[in-house]
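# A structural walkthrough
Now for the letters of each chain:
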Amino acid sequence: MSEQEEEEGMGSYAKNKSNPKLTLLPLIALIFYEVSGGPFGVEDSVRAGAGPLLSLLGFFIFPLIWSIPEALLTAELATSFPENGGYVIWISSAFSPFWGFQEGFWKWLSGVMDNALYPVLFLDYLKHSLPIFHQMIARVPALLGITLSLTYLNYRGLHIVGFSAVVLAAFSLLPFLIMGILSIPKIRPSRWLLVDFNKVDWRGYFNSMLWNLNYWDKASTLAGEVEDPSKTFPKALLGGLVLVMSSYLIPLLAATGALGSSPSEWTDGYFAEVGMLIGGFWLKLWIQAAAAVSNLGLFEAEMCSDSFQLLGMSKLGMLPSVFAVRSRYGTPTVSILLSATGVIFLSWMSFQEIMEFLNFLYAVGMLLEVAAFITLRVKRPDLHRPYRVPLQTFWVGMICVPPSFLLILVMCLASWRTSVVSGAVILVGFVLYPALLHAKSKNWMLFEAELPPSSSNGWQQQLSENKEVELVEEEQSLMQDNSKPDQQDLDLT
């Protein structure tokens, strides 16, 4: 791209900078895809739970002890620090930039590992109808093509991703609503109570529950792209919570109540067979298509958050300035490319391996977020909080105990391999941060900002200064763009 084209692109971005802000409905859809994407993948919870009972209880109880506390925490902190970077800023404000960087590194890697699942799952659903995708000669090019195509869609703009998420969510959830209605005459409530405790796979069960109900905090990394975040974020999180719980419970209640299937039959993709048995071949095809499409939505939402997290870290001086460079569509180009590269390199891992690794790193990062939440309540009671959880600090701490216990339990149940590899990743983060500081001191890399003081005041001041710089840059770009003669005027001349 020439210098002139780049200037015109950035001028076009500045002129339309206010247009692509995320509104309520697209943000709900993005949160839905960050957390869930539909009931695809919950089949393992029935198999690992040795029957419907534990799966149904899990999706009733875990949102109360896990999802709601995490969503409340996210609502309060995302509105207190409404900038790209999300939890990186929270941790830095409560503790230090060192721990903020570690949080960002763990969460970014966890997100990239999570995203590596979705192109694979997309082909796993398609191969039931197109057996050619069983063969590596067709599978590898398809994986690369899917990843690159979806990466380009992310590059084209956040508003496109948000609108796409709304459409994909509607298409993916409608067949399960129809299946729920068709199953009503066949439901036998006694089937919901079946369980064989001697065959329960507790590690698989808890990992499945956490994976299907985590990442409520992910959308905070693009808070700077949300219209009126102090009002929009709490509403979007509430809407997302209702949508996620409904998308799990309606299909599970319908399928397990209407059919007497053995727990061993509940593997990935089994909902398509349920659709066949309840509604017929047409519903099976729709669910297969919905599953494939849902994985695309999950990929888009995850990459969107991962790339804007890197942009936020760059704006705060934690990463080189190249990660903050935006395309003419307002998207962080280098951050998107780095996230896509990580997805391609991790796609060879198995589903279970990826899920356990990302859950471990996610759990470590989430424990740090809980600690930051409580610390900021104690150290900074005067911090401006447009949305505040309506509880005293003591009771806020109490509602954080069950999710913290769950996170520690998942880490304790991890295999030795997962623990060793995750420990190595943590050590890499410990080394990477001082290495970047050394590179900054030697001017080996260009950084946008110096790290602010390790206090919430320092971080809020830095965010305010970043906002002022962006406004000045926007005004300068507009002035340059307006000073250029209009092409129509040149033609007339």
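Residues numbered from 1 in each chain as written. Predicted model: local features only at pLDDT ≥ 70, side-chain atom pairs only at ≥ 80, totals over all residues. Heavy atoms only, no water.

### Topic: the packing of aromatic side chains
- Under the definition given, this model contains 21 aromatic pairs.
- Arranged with centres 5.4 Å apart and planes meeting at 50°, the rings of Phe101 and Tyr433 form a pair that is tilted. Here Tyr433 lies in helix 16 (residues 416-441) and Phe101 lies in helix 6 (residues 97-126), a separation of 332 residues in the sequence.
- What makes Phe101 buried here is its relative accessible area of 2%.
- Here a set of aromatic residues connected by ring pairs shows up, and it is made of Phe40, Phe176, Trp266, Tyr270 and Phe271.
- If you follow Lys107 out to its NZ or CZ, it ends over the ring of Tyr87, 4.3 Å from the centre. (Phe/Tyr/Trp six-rings, centres within 6.5 Å; stacked < 30°, edge-to-face > 60°. Helix = DSSP H or I, 4+ residues; strand = E, 2+ residues; numbered from the N terminus. Buried < 20%, exposed > 50% of the residue type's maximum accessible area, 1.4 Å probe, protein only. Lys NZ or Arg CZ within 6 Å of the ring centre and 35° of its normal.)

### Points about the confidence of the model for the protein chain
- Averaged over every residue, the pLDDT of the protein chain is 80; the share at 70 or more is 83%.
- Considering only residues more than four positions removed or in separate chains, one finds that residues 1-19, a stretch of pLDDT under 50, has 20 contacts. (pLDDT = per-residue confidence, 0-100. Contact = heavy atoms within 4.5 Å.)

### Side note on the environment of Lys440
- When you line up the elements, Lys440 lands in helix 16.
- C-alpha separation for the pair Lys440 and Gly317, spaced 123 residues apart in sequence, amounts to 9.3 Å.

### Some thoughts on the nonpolar core
- Counting residues in each nonpolar core, the largest one holds 136 residues, and the members touching the most others are Leu27, Phe271 and Val274.
- Once residues lying within four places of it in the same chain are set aside, the contact partners of Leu27 are Leu22, Ala219, Leu222, Val226, Thr232, Phe233 and Ala236. (Core = buried A, V, L, I, M, F, W, Y, C linked by side-chain atoms within 4.5 Å.)

### Some points on the pattern of salt bridges
- In total, this model carries ten salt bridges according to the counting rule given.
- Ionic pairing is found between Glu302 and Lys218, a salt bridge with its closest N-O pair at 3.4 Å. Of this pair, Glu302 sits in helix 12 (residues 281-315) while Lys218 sits in the loop between helix 9 (202-213) and helix 10 (229-258), placing them 84 residues apart in sequence.
- On the basis of relative accessibility, which here comes to 0%, the residue Lys218 falls in the buried class.
- The partner of Glu273 in a salt bridge is Lys284, with the nearest N and O atoms 3.2 Å apart. Of this pair, Glu273 sits in helix 11 (residues 270-278) while Lys284 sits in helix 12, and the two are eleven residues apart along the sequence.
- With a relative accessible area of 17%, Lys284 lands in the buried category. (Salt bridge = Lys/Arg side-chain N within 4 Å of Asp/Glu carboxyl O.)

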